[in-house]
Amino acid sequence: MRVLSVVGARPNFMKLAPVDRELVRRGVEHVIVHTGQHYDPGMSDAFFEQLWIPAPDHDLGVGSGSHAQQTAAVMQRLEPVVVEVQPDLVLTYGDVNSTVAAALVAAKLQMRVGHVEAGLRSRDWTMPEEINRVVTDRLSDLLFLPSRDAAANLEAEGIPADRMHFVGNVMIDTLCWALPQALLLDAPARFDVEGCRYAVVTLHRPANVDDPAVLRELLEALARLADRVPVLFPVHPRTRARILELRRPPTDRGLRLIEPVGYLDMLSLVANAGLVVTDSGGLQEETSFLGVPCLTVRPNTERPITCTHGTNRLVQPQRDAILAAAERALGRRSPARPVIERWDGQAAARIAQVVCDGERFELDGALAAPAHAPRRAVAIPQPLGAS
Ligand code: UD1
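Residues numbered from 1 in each chain as written. Predicted model: local features only at pLDDT ≥ 70, side-chain atom pairs only at ≥ 80, totals over all residues. Heavy atoms only, no water.

Undergrad: What's the story with the sheet that holds strand S7 (residues 164–166) in this structure? I'm lost.
TA: In a beta sheet, neighbouring strands are held together by backbone hydrogen bonds and run either parallel or antiparallel to one another. Taking strand neighbours across the sheet as the criterion, the 7 strands line up as S3-S2-S1-S4-S5-S6-S7 in an open arrangement whose pairing is parallel. A strand with exactly one partner marks an edge of an open sheet, and here the two such strands are strand S3 (58–59) and S7. Of the pairings in the sheet, the one linking strand S6 (residues 142–145) to S7 comprises 3 bridges and is parallel in character. Residue pairing across strands places Leu-143 opposite Met-164, the latter belonging to S7. (Pairing = 2+ DSSP bridges. Helix = DSSP H or I, 4+ residues; strand = E, 2+ residues; numbered from the N terminus.)

Okay, structure coming up:
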């Protein structure tokens, strides 16, 4: 069997890694195509190295551009590769422009399409990612669901249940695989912060960083938060460019703007943090799994399970709202981590079972999530305020 995976942006790489390992273990010929949507070494190469992903078989070198330019460039450059490789299945990951471009190319070539992380919905059509999710799911034959609520979203759009496979969350597979190595790195010590007594920030969504007034308000909130605890902010290239355009950005005081960090360092920083402030999708999930309080600066999330069962809270992009929420969240780190169904490190193995053996992972009829998730005790760093 031959499977072709298409990845392009930073959050795709963590999802690809465990799927690649499982497919190769089962003797599948796995062809990896990197579209080049993310091209800075710190946003791409470092992830391939740290996650033991083999070098891509094809690098399309697409780079940045408008949404149409980026999507079209991936489609144009990917089509001949897919025609040449003739895979039995094209796998796409997440919700970036490379995802929808790959699904369109494969579906129009009448090839089978699989979507890893299917069924998530924010219902916010101003987000390019929501468009990418809906279109990709509609074109996919195999939909790999990270959480139970995704099934209701797909069902509402008329997607047949026999295409859905509730496999769990592949991001968490990678987290489980990497956590022991990441904790040994002790990134907090290298960044000169003390376990559970600092915050980690990531912001890159257009709604938060492209409007100068919103970006300034967010930076002011973070600078004020930095009066309370050290704040480490690895800055995405998009955000860096926007900050440089601001006149006298409020980035003084304890707010520490740093280059994007590799996956293992980020995991080490997040696992030991007292608080994460973000607009990323992946971090909402990682903090929930780790039991770290998370404030998501967005009006909605396509990952509501992280709010109902995890540690995530949505917050408006307003200084006082962020500071009040941060004050409530700091020190609230629980010694037990939430348990979310099938976020157990085995999602990629289930995907491989579906792909190779035609196995089904159904939803046992019940689409609703259980009202109370059980909690399990684990050894994690102590909450802020504990001596
Ligand atoms: C993309 C995804 C988003 C994901 C994010 C993770 C889409 C629509 N968005 O957003 O879902 O959460 O990746 O990082 O696909 N740039 C560089 N170097 C890089 C990458 C980007 O300088 O390696 C700059 C470019 O100037 C580019 C800008 O960042 O124009 C934005 O990059 P882009 O690929 O459009 O999307 P992201 O904002 O990274």
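Right, picking up where we left off after that structure.
Undergrad: Could you clarify how one ought to interpret the site of the ligand in this entry?
TA: The local shell around the ligand holds 19 residues, among which Gln-37, His-38, Asn-97, Glu-129 and His-236 are the closest. One of the side-chain nitrogen or oxygen atoms of Gln-37 is found 2.8 Å away from an oxygen atom of the ligand. Separating an oxygen atom of the ligand from a backbone N or O atom of Tyr-39 is a distance of 2.9 Å. For the ligand, the protein covers 86% of the area, taking 740 Å² as the surface of the free molecule. (Near = heavy atom within 4 Å. Polar contact = N/O pair within 3.5 Å; in protein donor to acceptor, adjacent residues only side chain to side chain. Areas by Shrake-Rupley, 256 points an atom, 1.4 Å probe, with all protein chains shown as cover.)

Undergrad: I keep staring at the nonpolar core and nothing clicks. Help me out?
TA: Nonpolar side chains tend toward joint burial in soluble globular proteins. Core analysis: the biggest nonpolar cluster contains 60 residues, and Leu-91, Phe-144, Tyr-263 and Leu-290 have the highest contact counts within it. Setting aside anything within four residues of it in sequence, one finds Leu-91 in contact with Val-3, Leu-4, Ser-5, Val-6, Val-19, Leu-23, Gly-114, Val-116 and Phe-144. Among the nonpolar cores identified, the runner-up in size contains 30 residues, and Ala-325, Ala-326, Ala-329 and Leu-330 belong to it. (Core = buried A, V, L, I, M, F, W, Y, C linked by side-chain atoms within 4.5 Å. Buried < 20%, exposed > 50% of the residue type's maximum accessible area, 1.4 Å probe, protein only. Contact = heavy atoms within 4.5 Å.)

Undergrad: Would you explain the pairing of S6 in this entry?
TA: Along any regular strand, the residues point their side chains to alternate faces of the sheet. The side-chain alternation of S6 yields two buried faces, one formed by Leu-142 and Phe-144 and the other by Leu-143 and Leu-145. One ladder, built from 3 bridges, connects strand S5 (residues 113–116) with S6; its direction is parallel. Within the sheet, the bridge partner assigned to Val-116 lies in S6 and is Phe-144. For the crossover that starts at S5, traverses helix H5 (residues 128–139) and ends in the parallel S6, the hand is right-handed. Handedness of the S6-helix H6 (residues 149–156)-S7 crossover: right-handed. (Right-handed = clockwise from strand over helix to strand, strands pointing away.)

Undergrad: Whenever I open this one, the environment of Gln-76 confuses me. Can you help?
TA: The residue Gln-76 is located in helix H3 (residues 67–85) in this model. Residue Gln-76 is classed as exposed on the basis of its relative accessible area, which comes to 64%. Sequence separation between Gln-76 and Val-105 is 29 residues; the distance between their C-alpha atoms is 8.5 Å.

Undergrad: Help me out: how do you make sense of the environment of His-204 in this one?
TA: If you trace the backbone, His-204 turns up in the loop between strand S8 (199–202) and helix H9 (206–209). Sequence separation of His-204 and Ala-151 is 53 residues, and the distance between their C-alpha atoms is 28 Å. Discounting residues that sit within four places of it in the chain, His-204 has contacts with Val-209, His-236, Arg-238, Thr-239, Asp-279 and Ser-280.

Undergrad: Honestly, the packing of aromatic side chains in this entry has me stumped. Any pointers?
TA: What describes a pair of aromatic rings is the distance from one ring centre to the other and the angle between the planes of the rings. Summed over the entire model, instances satisfying the criterion amount to 3 aromatic pairs. Ring geometry for Trp-52 against Trp-177: centres 5.3 Å apart, planes inclined by 85°, an arrangement best described as edge-to-face. With a gap of 125 residues between them, Trp-52 in the loop between helix H2 (45–50) and S3 and Trp-177 in helix H7 (residues 170–185) connect regions that are remote in the sequence. Accessibility expressed as a relative area gives 61% for Trp-52, which makes it exposed. Residue classification places Trp-177 among the partly exposed residues on the basis of a relative accessible area of 24%. (Phe/Tyr/Trp six-rings, centres within 6.5 Å; stacked < 30°, edge-to-face > 60°.)

Undergrad: Where do I start with the side chain of Thr-239 in this structure?
TA: Secondary-structure assignment places Thr-239 in helix H11 (residues 237–245). We classify Thr-239 as buried; its relative accessible area is 0%. Contact partners of Thr-239, with chain neighbours within four places excluded, come to Leu-203, His-204, Val-209 and Phe-233.

Undergrad: Just to check I follow, could you spell out H6 for this structure?
TA: Side chains that are three or four residues apart share a direction in an α-helix, a result of its 3.6 residues per turn. Here H6 has its buried residues at Asp-149, Ala-150, Ala-151, Asn-153 and Leu-154. Against H5, S6, S7 and helix H14 (305–308) lie the buried residues of H6.

Undergrad: Mind showing me how you'd approach the domain arrangement of the protein here?
TA: Much of the literature gives interface size as the accessible area that the parts lose upon coming together. In terms of domains, the protein is made up of domain 1 (2–168 + 342–357) and domain 2 (173–330). Here the C-alpha centre of domain 2 lies 26 Å away from the C-alpha centre of domain 1. Scanning the region where domain 1 abuts domain 2 turns up 4 salt bridges. Between Arg-240 and Asp-40 there is a salt bridge; the shortest N-O distance is 3.9 Å. For the pair domain 1 and domain 2, the interface holds 10 residue pairs in polar contact (both at pLDDT 80 or more). At the level of secondary structure, the elements contributing two or more residues to the side of domain 1 that touches domain 2 comprise helix H1 (10–25), H2, H5 and helix H16 (347–357). For the side of domain 1 that touches domain 2, the element with the highest residue contribution is H1, accounting for 6 residues. Classifying every residue of the side of domain 1 that touches domain 2 gives 12 nonpolar, 7 polar and 10 charged. (Domains from an automatic or database assignment. Salt bridge = Lys/Arg side-chain N within 4 Å of Asp/Glu carboxyl O. Nonpolar A, V, L, I, M, F, W, Y, C, P; charged D, E, K, R; others polar.)

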